[in-house]
Amino acid sequence: MADLAIRALDGSTKVLAPDTVAALRGRLRGAVALPGEDGYDAARSIWNAMIDRHPGLVVRCLGAADVINAVKVARDEKLLIAVRSGGHNIAGSAVCDGGLLIDLSLMKSVRVDPASRMARVEPGATLADFDREAQAFALATPLGINSTTGVAGLTLGGGFGWTTRKFALTIDNLISADVVTADAKLVRASEKENADLFWALRGGGGNFGVVTSFEFKLHPLGPEVLSGLIVHPLEKASELLPKFCRIAKEAPDKLTIWVVMRKAPPLPFLPAEWHGKEVLIFAACYSGDMKEGEKAVKPLRALGAPIVDVISPHPFTGWQSAFDPLLTPGARNYWKSHDFNDLPDAAIKAIIDAVRTLPSPECEVFIAHVGGAMARVAANATAWPNRDAHFIMNAHSRWRDKAQDRAGVAWARQLFEATAPFASGSVYVNFMPEDENDRVANAYGSNYRRLAEIKRRYDPDNLFRMNQNIRASH
Ligand SMILES: Cc1cc2nc3c(=O)[nH]c(=O)nc-3n(C[C@H](O)[C@H](O)[C@H](O)COP(=O)(O)OP(=O)(O)OC[C@H]3O[C@@H](n4cnc5c(N)ncnc54)[C@H](O)[C@@H]3O)c2cc1C
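The structure displayed is predicted, hence computed values, not measured ones.

Student: With reference to specific residues and values, describe the state of the cysteines.
Tutor: One pass over the structure, following the stated rule, counts 0 disulfides. In this model Cys 61 remains outside any disulfide bridge; the closest cysteine sulfur is found in Cys 96, 13 Å from its own.

Student: Which residues make up the packing of helix α8 (residues 237-250) against helix α11 (residues 345-355), and what values go with them?
Tutor: Their axes nearest at 10 Å, the elements α8 and α11 cross at an angle of 130°. Relative to α11, the element α8 is oriented oblique. Pair α8 / α11 crosses with right-handed handedness. On α11, the residues touching Ala 237, Ser 238, Leu 241 and Pro 242 of α8 are Asp 345, Ile 348 and Ile 352.

Student: How would you summarise the sheet that holds strand β8 (residues 118-121) if you had to cite specific residues and measurements?
Tutor: The strand order across the open sheet built from 5 strands is β7-β8-β12-β10-β11, with neighbouring strands paired in antiparallel fashion. At either margin of the open sheet sits one strand with a lone partner, and together these are β7 (110-113) and β11 (186-190). The mean inter-strand angle of the sheet, taken between neighbouring strand axes irrespective of direction, is 15°. Pairing geometry for strand β10 (residues 174-180) and strand β12 (residues 210-217), over 6 bridges, is antiparallel. When the sheet's bridge partners are listed, Asp 178 is paired in β12 with Ser 213. On the sheet, helix α4 (residues 127-135) packs against β7, β8 and β12 and is oriented at approximately 25° with respect to β7.

Rules used in this analysis
Along each chain, residue indices are assigned from 1 in the same order as the chain's sequence is written. Given that the model is predicted, a residue must reach a pLDDT of at least 70 before its local features are reported, and side-chain atom pairs must reach 80 or more before they are shown or counted; all residues, however, enter totals for whole chains, interfaces and linings. No hydrogens and no water enter the side-chain calculation; it runs on all heavy atoms of the structure. When two cysteine sulfur atoms lie within 2.5 Å, the pair is treated as a disulfide. Angles here are taken between N-to-C directions and fall from 0 to 180 degrees, while the axes themselves are lines fitted to C-alpha atoms, restricted in helices to the stretch in contact. Secondary structure elements are taken from DSSP: a helix is a run of H or I of four residues or more, a strand is a run of E of two residues or more, and numbering for both begins at the N terminus. Each angle is binned into one of four classes, with values under 35 degrees roughly parallel, values over 145 roughly antiparallel, values of 65 to 115 roughly perpendicular, and all other values oblique. Helix crossings fall into two classes, left-handed where the near helix is turned counterclockwise from the far one by less than a right angle and right-handed where it is turned clockwise. The contact criterion used is simple: two residues touch if any of their non-hydrogen atoms lie within 4.5 Å. Two strands are said to pair when DSSP picks up at least two bridges between them.

This is the structure in structure tokens:
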């Protein structure tokens, strides 16, 4: 084998001698994949097709020992590294150009202990992997709404979904994490061990090390939940959305209602004449008793004259993947996101105007409904700062043809600008695209200083920099 050119942390190109690569191969339970070798393209391909990067070397890890070996080489040789789990992040930070990619996607084990209601999860597991195992015992922890998302990146950014108002954020259900730190040591982080690291991991993203195992608390839920969609014509949105805001703010913790506005997909339960027309969708999930749930969704059901209302008992695992067909991997994507404490009429108007000018049929606006149990955890209890009851708007711009890149990005940016005057200023780090590194301090607000201090202790040289990067304090 010839010398291998790899990108270094300082941006220069470093040459790895064949012996170094051979020694690394020899130490792994998993594999090294160089460009052209088996597994190389699978490891570097991620959900957002806008990101097409070519690492110099991939370590396809099968366990913590492989991660330790990969971090050791990166640290000793001062190589640029990226860490990939589910590969879902919009910013594409899971893959680097030219550097060393630590690929965790093969580490997918999920072990549920129904007696103690705990789950131990490896970083390559997707939400679907987790839910399938936990739902075998009618147990769950709050995760996101698209089942192909990785548990690891979602958790490290904070994590919220259909059950967050009832059971809080994903990080609020994290008991411990095994972490390979920048000095290539495996440590455990929990409330009792390395408590500062544990605090930072809960929202601080991939800034502090490589997590090789997560331990979660589980809650009884399912196997069926009252859930489904109510679809209205977009024309009714300016009348219905203010009423939705009131209902959402007064809703019990067990009820979560998200809004989706887009061109209607060809859903089998939707009359064909609506396919491709702009619609307002309320997506609701009740995390509790069915009869109680029927009562709780009444005010939502009483709004206007829907085209269809398909809220009924559904298997929780099915509901957790209900939006998968709209969010398949392989499209070109660009997102912009704002947090809102409230959605005043002017913000609603700006959103509706944007939905009337979608640049491609797959573009959409999602408005997540959070708060409840999440809002009752102190803002400084974890790195995630914005706990207030609020809405999270995401402009999902999505298209297939590279020639549409400019229009797709411009649409999301325009909606972002138009709604900025009404937004709270904070943002969920996991919804930030790659050109938003200047929003990181705002995203963490009053928690940023402590994060910078912990970064200084655990990763002073910023080895873990392919992320929404926190700069070490000096
Ligand atoms: C279609 C779609 C729907 C989504 N829906 C939701 C939702 O409902 N709720 C929600 O909370 N989020 C949601 N997200 C955002 C999601 O949480 C992030 O994209 C998250 O980063 C995905 O995790 P991953 O493991 O797939 O990330 P990857 O792309 O693999 O990694 C992203 C970054 O996380 C860090 N990282 C990943 N794994 C590790 C690890 N083991 N150790 C250390 N650092 C690591 C690295 O910095 C890496 O660059 C959604 C994303 C998409 C694309």
